[in-house]
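Inside the fold
Spelled out from the first residue to the last, the chains are:
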Amino acid sequence: DVSKAQEKLNKEREMVKEETLKNANQVKLNVGGTLFRTTISTLTACPDSMFSAMFSGRHELAKDEDGFVFIDRDPTHFRLILNWLRGYSNKKMSIPTLNDREKEELLEEAE
């Protein structure tokens, strides 16, 4: 059916458009010497967070010669924090299984 095919194509175009917009807002981060790439929408997903304030556009962020914003923190758990933020807007935050020491470290970083 032509109308179903058109509807499917329109949905696909919308998904591609959303991804393209996300990619246009890419941010390069250097967290304690480890490089990460994400989007402003991910970093600002949790409105009361430090990242939301940093990347709100209200502050000028210093970048290194490669365009990375430096964050002077231990990068060990930063991937977990990013993944949690990625799921924040759709309420699908992933909480990995961690041992007690890792939980303590992660909670310290999250403060």
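Above this text sits the structure in question.
Summarised in this report is the structure supplied together with it. (Residues numbered from 1 in each chain as written. Predicted model: local features only at pLDDT ≥ 70, side-chain atom pairs only at ≥ 80, totals over all residues. Heavy atoms only, no water.)

Taken together, the six bridges between strand E1 (residues 26–31) and strand E2 (residues 34–39) define a ladder with antiparallel strand orientation. Within E2, the position partnered with Val 31 by the bridge is Thr 34. Here E1 folds back onto E2 in antiparallel fashion, the turn holding two residues, of which Gly 32 has a positive phi close to 55°. As defined by bridge partners, E1 adjoins strand E3 (residues 69–71) across three bridges and the pair is classed as parallel. Counterpart to Val 31 in the pairing with E3 is Ile 71. (Pairing = 2+ DSSP bridges. Helix = DSSP H or I, 4+ residues; strand = E, 2+ residues; numbered from the N terminus.)

Before going further, it helps to spend a moment on the sheet that holds E3. If you trace the three strands from one edge of the open sheet to the other, you get E2-E1-E3, paired in mixed fashion. Pairing within the sheet leaves two strands with one partner each, and these edge strands are E2 and E3. Put simply, the sheet's adjacent strands are angled 30° from each other on average, direction ignored. In the packing of helix H4 (residues 78–88) onto the sheet, the strands contacted are E1 and E2, and the crossing angle to E2 comes to about 5°. (Axes fitted to C-alpha atoms, helices over the stretch in contact; angles between N-to-C directions. Contact = heavy atoms within 4.5 Å.)

Grouped together as the largest cluster of nonpolar side chains are 15 residues, with contacts concentrated most on Leu 29, Leu 43, Phe 51, Phe 55 and Phe 78. Here the element with the most residues in this core is H4; it accounts for four residues. Those residues in contact with Phe 55, other than ones at most four positions away along the chain, are Val 27, Leu 29, Ile 40, Leu 43, Thr 44, Leu 61 and Val 69. (Core = buried A, V, L, I, M, F, W, Y, C linked by side-chain atoms within 4.5 Å. Buried < 20%, exposed > 50% of the residue type's maximum accessible area, 1.4 Å probe, protein only.)

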